[in-house]
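Spelled out from the first residue to the last, the chains are:
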Amino acid sequence: QVQLVESGGGLVQPGGSLRLSCAASGSIFSIYTMGWYRQAPGEQRDLVANITSGGNANYADSVKGRFTISRDNSKNTVYLQMNGLKPEDTAVYYCTAVLVVATTSSPPDDYWGQGTQVTVSS
């Protein structure tokens, strides 16, 4: 019923930029927090950034000043603008959303996208 689809990943040189997008679709009543996590091979999945429905953003220390999260509520879409990319940013990036599904009385729950690969290399 509900699907999160990421796009915008790829290969970029150090110092370059990428813009990730994630669109939520399906029978959605409302979306609360949306965000991005990343996971490198052999490492745990860590929060990169998230943003509330009111526009309050939170960032991991490692990306502050380089990444910017934003959202378009009319499109149920969250973005991650990544500037000044470093090799250590290489990971699979996952979109997440806390949302309420339409036609149900269940409480808000976490939903995840399939992930998109970001590779920073010369």
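Relevant structure appears above.
Treat the numbers as computed from the prediction; the structure is a model and nothing was measured.

**Q** I'm lost on the sheet that holds strand E8 (residues 77–82) in this one. Help?
**A** Working definition: the strands of a sheet are paired by backbone hydrogen bonds and lie parallel or antiparallel to each other. With respect to topology, four strands assemble into an open sheet ordered E1-E3-E8-E7, the strand pairing being antiparallel. Sheet topology places strand E1 (3–7) and strand E7 (67–72) at the edges, where each strand pairs with a single neighbour. The average angle at which neighbouring strand axes cross in this sheet is 15°, direction not considered. Both E1 and strand E3 (residues 18–25) contribute to a ladder of five bridges, which runs antiparallel. Residue pairing for E3: serine 7 is matched across the bridge by serine 21.

**Q** Even after reading the chapter, I still don't get the state of the cysteines, so can you show me in this structure?
**A** A covalent bond between the sulfur atoms of two cysteines is referred to as a disulfide. Inspection of every chain in the model, using the stated rule, returns one disulfide. With its sulfur 2.1 Å from that of its partner, cysteine 22 forms a disulfide with cysteine 95. In this structure, the disulfide formed by cysteine 22 and cysteine 95 twists by about -80° around the S-S bond and is classed as left-handed. In this pair, cysteine 22 sits in strand E3 while cysteine 95 sits in strand E9 (residues 91–101), placing the two residues 73 residues apart along the sequence.

**Q** Can you walk me through the nonpolar core in this structure?
**A** What tends to happen in soluble globular proteins is that the nonpolar side chains get buried as a cluster. By size, the foremost hydrophobic cluster in this structure holds 31 residues, and its most contacted members are Trp36, Val48, Phe67, Val78, Leu80, Met82 and Tyr93. It is E9 that provides the largest number of residues to this core, a total of six residues.

What counts, and where the lines are drawn
- Residues numbered from 1 in each chain as written.
- Predicted model: local features only at pLDDT ≥ 70, side-chain atom pairs only at ≥ 80, totals over all residues.
- Heavy atoms only, no water.
- Pairing = 2+ DSSP bridges.
- Helix = DSSP H or I, 4+ residues; strand = E, 2+ residues; numbered from the N terminus.
- Axes fitted to C-alpha atoms, helices over the stretch in contact; angles between N-to-C directions.
- Disulfide = S-S within 2.5 Å.
- Core = buried A, V, L, I, M, F, W, Y, C linked by side-chain atoms within 4.5 Å.
- Buried < 20%, exposed > 50% of the residue type's maximum accessible area, 1.4 Å probe, protein only.

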